[in-house]
Amino acid sequence: MAPVQVKKICCIGAGYVGGPTCAVIALKCPHIQVTIVDLNKARVDAWNSPDFAVPIYEPGLVDVVKQCRGRNLFFSTDVDKAILEADLIFVSVNTPTKKSGVGAGFAADLNYVESATRRIAAVATSSKIVVEKSTVPCRTAESMRTILEANSRPGTRFDILSNPEFLAEGTAIADLFKPDRVLIGSLQTTEGKEACRALADVYANWVPQERILTVGLWSSELSKLAANAMLAQRISSINALSAICEATGANIDEVSHAVGFDSRIGPKFLRASVGFGGSCFQKDILNLVYLSESLHLPQVAAYWRQVVEMNEYQKSRFSKTVVDTLFNTITGKHIAVLGFAFKADTGDTRESAAISLIRDFLSERAFVTIYDPQVSEEQIWQDLSEACPTTPLETIKKQVTIVHSALEACTQKEAIIIATEWKEFLEIDWQTVYANMSKPAFVFDGRLLIDADKLRKIGFKVKVIGRGERV
Ligand code: NAD
Ligand code: UGA
């Protein structure tokens, strides 16, 4: 077969992955035309907005879009046209946990992947390389191939690659500019290897060759689930230790520093917290649990399930600490929650620990005031409605207030909860906050962010996750 040279790329899905990933490809490969398509018109309009009000908050992203939108980067709702023109198509649609049916609560919902695949088969009139960018269960590429082959026109061939994305939100652009590795999985056939080379050549425009790893399709799919499961496992391990620290008087910062100094363990991703959130850790581990169960490996399933259970425990343990410390009741008390996103530097709230905490505080009938620098009011109301499905939004609104600064959130409150590690919370004027709070004034730091000793000197009663000091 003739060597393939990628000239036009289509990316189906203009979300947190498709948008930044393909914008960076456009930036680094000016000779390739990149069109990112989505069925969600509002999202596409935002990507195309004249003032670059892109739909995702991600440091450095607007700068990338500004450099190439209209040059070789396009956003569109015309999925069919982009499929028709492309030689390589990324499928970067959402793969959430299934809500009903077989595997509900564990298995990935592959409905969006399947409809995108069916669309490619229905529309394509020439051969395409189809790339799984979405995180999918092991062997999904086989189902995609079956769908494509069963529906393709004569003379049209599809080569399927797995190219999972490892970017983290908040650092997406930096991660994409300098990835630890790019992973490409292909069938080990001549055609499969040729397709793999064509995609590797795209990345080789800015990624050093030794960081582009090529493996078999199933290894690639599984490696993505494995990487997320192992990252989340580190957080659950350190969070399990944080509970022991609180009970013994040890300090989790000192423990993770000491443990991480072992070069075999390493210092990254050992920060105790109120619990991991985000759209993928929980979903991907549950997916691995489901895969293990389907393969009749119940002990393996139980092992990974415990990582998620530990995370649930950490969230509820933190809520309980708040209630216990506030004299065993928060009914009618006023609490400020600083941060609603699942981590700093993103406006994404999917599976954010803040949602679980606030749901717990509302069920204790506390009044909650929320401030987050990036999350919209509309998103907060939507998340709280989903978290409290039996409570009408009007009732939630009687207990919750959303404000536009940390200082405003903290005024006249009995307790402040730090739920997200936004840097701007380091700049809070705690002296002024203290003067405007009801006494005793409590601060609960779920992110190891603040200088607890400094706050104690001002007069605050402070509880920090993973530290056993008395308030
Ligand atoms: P997202 O929900 O932000 O974006 C997915 C987009 O796909 C949506 O805008 C949706 O409208 C669109 N879409 C769905 N079906 C479509 C179709 N048939 N045609 C056109 N558009 C369609 O999701 P995301 O966060 O970008 O995640 C996408 C995938 O990448 C998931 O599998 C996820 O697990 C994986 N992933 C996510 C991250 C992350 O940080 N968010 C990182 C690595 C991998
Ligand atoms: C994570 C992975 O880091 C990415 O490699 C992967 O591509 C992505 O999932 C995905 O597949 O979606 P992301 O969820 O965006 O990225 O963000 P992380 O930085 O991993 O943080 C996840 C959660 O863990 C956050 O709530 C964060 O606050 C928490 N965390 C992280 C800790 O509690 N402690 C840590 O030490 C690190």
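Within each chain, residue numbers correspond to sequence positions counted from 1 in written order. Labels are handed out in written order, letters beginning with A for the chains and numbers beginning with 1 for the ligands. Where local features are concerned, this predicted model is filtered to residues with pLDDT of at least 70; where side-chain atom pairs are given and counted, the filter is 80 or more; whole-chain, interface and lining totals use all residues. No hydrogens and no water enter the side-chain calculation; it runs on all heavy atoms of the structure.

Under an unreviewed UniProt entry, the protein has the name UDP-glucose 6-dehydrogenase and belongs to Somion occarium. UniProt positions are given in the numbering used here, feature names are shortened, and annotations may be inferred rather than shown by experiment. In its Sequence similarities (unreviewed entry) section, the UniProt entry covering the protein states "Belongs to the UDP-glucose/GDP-mannose dehydrogenase family." Quoted verbatim from the Catalytic activity (unreviewed entry) heading of the UniProt record, the comment on the protein is "UDP-alpha-D-glucose + 2 NAD(+) + H2O = UDP-alpha-D-glucuronate + 2 NADH + 3 H(+)".

Here we look at the overall build of the protein
Across its full length, the protein holds 18 helices and 14 strands. Atoms counted for the radius of gyration: C-alpha only. Globule rule: 2.2 Å times the number of residues to the power 0.38. For 471 residues, the compact-globule estimate of 2.2 N^0.38 gives 23 Å, and the C-alpha radius of gyration of the protein, at 24 Å, lies within 12% of that figure. For the protein, the residues scored as buried account for 52% of the 471 residues in total. For this analysis, residues touch if any pair of their heavy atoms sits within 4.5 Å. Taking the contacts inside the protein whose residues are at least 6 apart along the sequence as the reference set, 76% of them involve residues at least 24 apart. Computed by Shrake-Rupley with a 1.4 Å probe, the accessible areas treat only the displayed protein chains as cover when residues are assessed. Element-wise, carbon and sulfur atoms account for 53% of the exposed surface of the protein, whose accessible area totals about 20900 Å². Once the 52 positive and 54 negative side-chain charges of the protein are each reduced to a mean point, those two points are 1 Å apart. Helix and strand labels come from DSSP, where a helix needs a run of H or I of at least four residues and a strand needs a run of E of at least two; each type is numbered from the N terminus. Three exposure classes are used, based on accessible area relative to the maximum for each residue type with a 1.4 Å probe and protein chains only: buried under 20%, partly exposed in between, and exposed over 50%. Positive: Lys, Arg. Negative: Asp, Glu. His and the chain ends are not part of the count. The atoms used to mark charge sites are NZ of Lys, CZ of Arg, CG of Asp and CD of Glu.

Section: the UniProt feature "domain: UDP-glucose/GDP-mannose dehydrogenase C-terminal" (unreviewed entry) in the protein
Sequence positions flagged by UniProt for "domain: UDP-glucose/GDP-mannose dehydrogenase C-terminal" (unreviewed entry) are, in local numbering, residues 336-452. Across residues 336-452, helical content stands at 35% and strand content at 16%; the span's end C-alpha atoms are separated by 17 Å.

Thoughts on the packing of helix α5 (residues 111-123) against helix α6 (residues 140-151)
The convention used is that axes are lines fitted to C-alpha atoms, helices contributing only their stretch in contact, and that angles between N-to-C directions extend from 0 to 180 degrees. Across the interface, α5 lies against α6 with an axial gap of 9 Å and an inter-helix angle of 30°. Classified by the angle their axes make, α5 and α6 are roughly parallel. Helix-helix and strand crossings are classified by hand; for α5 and α6 the assignment is right-handed. Side by side, α5 and α6 meet where V113, E114, T117, R118, I120 and A121 of the first sit next to M144, I147, L148 and N151 of the second. Classifying every residue of the contact of α5 with α6 by side-chain character gives six nonpolar, two polar and two charged. Just so you know how the angles are binned, under 35 degrees is roughly parallel, over 145 roughly antiparallel, 65 to 115 roughly perpendicular, and the rest oblique. Note on convention: near helix rotated counterclockwise from far helix by under a right angle means a left-handed crossing. Clockwise means right-handed. Residues were grouped as follows: Ala, Val, Leu, Ile, Met, Phe, Trp, Tyr, Cys and Pro as nonpolar; Asp, Glu, Lys and Arg as charged; and all remaining residues, including Gly, as polar.

Quick look at the pairing of strand β1 (residues 8-12)
Burial analysis of β1 places four of its five residues in the buried class, the great majority of the element. With five bridges joining them, β1 and strand β2 (residues 33-37) adopt parallel strand pairing. Each residue of the ladder has a partner; that of C10, found in β2, is T35. Here the term right-handed applies to a crossover when the path leading from its first strand over the helix to its second strand runs clockwise, the strands being oriented away from the viewer. Between β1 and its parallel partner β2, the chain crosses via helix α1 (residues 18-28), and the hand of that crossover is right-handed. Pairing between β1 and strand β4 (residues 88-91): four bridges, direction parallel. From the neighbouring strand, C11 faces β4, where its bridge partner is F90. Here, a strand pair is defined by DSSP locating no fewer than two bridges between the strands.

Thoughts on the site of ligand 1
Being near a molecule or strand, for a residue, comes down to having at least one heavy atom within 4 Å of it. Taken together, 25 residues lie around ligand 1, and D38, R43, T95, E169 and K283 are the ones closest in. One nitrogen or oxygen atom from the side chain of T95 is found 2.6 Å from an oxygen atom belonging to ligand 1. Side-chain polar atom of R350 to an oxygen atom of ligand 1: 2.9 Å apart, as the coordinates give it. The fraction of the free accessible surface of ligand 1 (830 Å²) that becomes covered by protein chains is 91%. Along the lines of polarity and charge, the residues of the shell around ligand 1 split into nine nonpolar, nine polar and seven charged. Under this definition, polar contacts are N or O atom pairs within 3.5 Å; protein pairs additionally need one hydrogen-donor-capable and one acceptor-capable atom, and for neighbouring residues in sequence, both atoms have to be side-chain atoms.

Regarding the state of the cysteines
A pair of sulfur atoms, both from cysteines and within 2.5 Å, is called a disulfide here. Taken as a whole and assessed by the stated rule, the structure comprises zero disulfides. We note that C11 lacks a disulfide partner, and the nearest cysteine sulfur, in C22, lies 3.7 Å from it. Exposure remark for C11: the relative accessible area of 1% places this residue in the buried category. C22 sits in the buried class, given a relative accessible area of 2%.

As for the sheet that holds strand β10 (residues 367-371)
On the basis of which strands lie adjacent, the open sheet formed by six strands has the order β11-β10-β9-β12-β13-β14 and parallel pairing. Bordering the open sheet on either side are β11 (400-402) and β14 (461-464), each of which pairs with just one other strand. Averaged over neighbouring strand pairs, the angle between their axes works out to 20° when direction is ignored. As defined by bridge partners, strand β13 (residues 442-445) adjoins β14 across four bridges and the pair is classed as parallel. Along β14, the bridge assignment pairs F442 with K461. Across the sheet, helix α12 (residues 298-325) is in contact with β12 (415-418), β13 and β14; its angle to β13 comes to roughly 165°.

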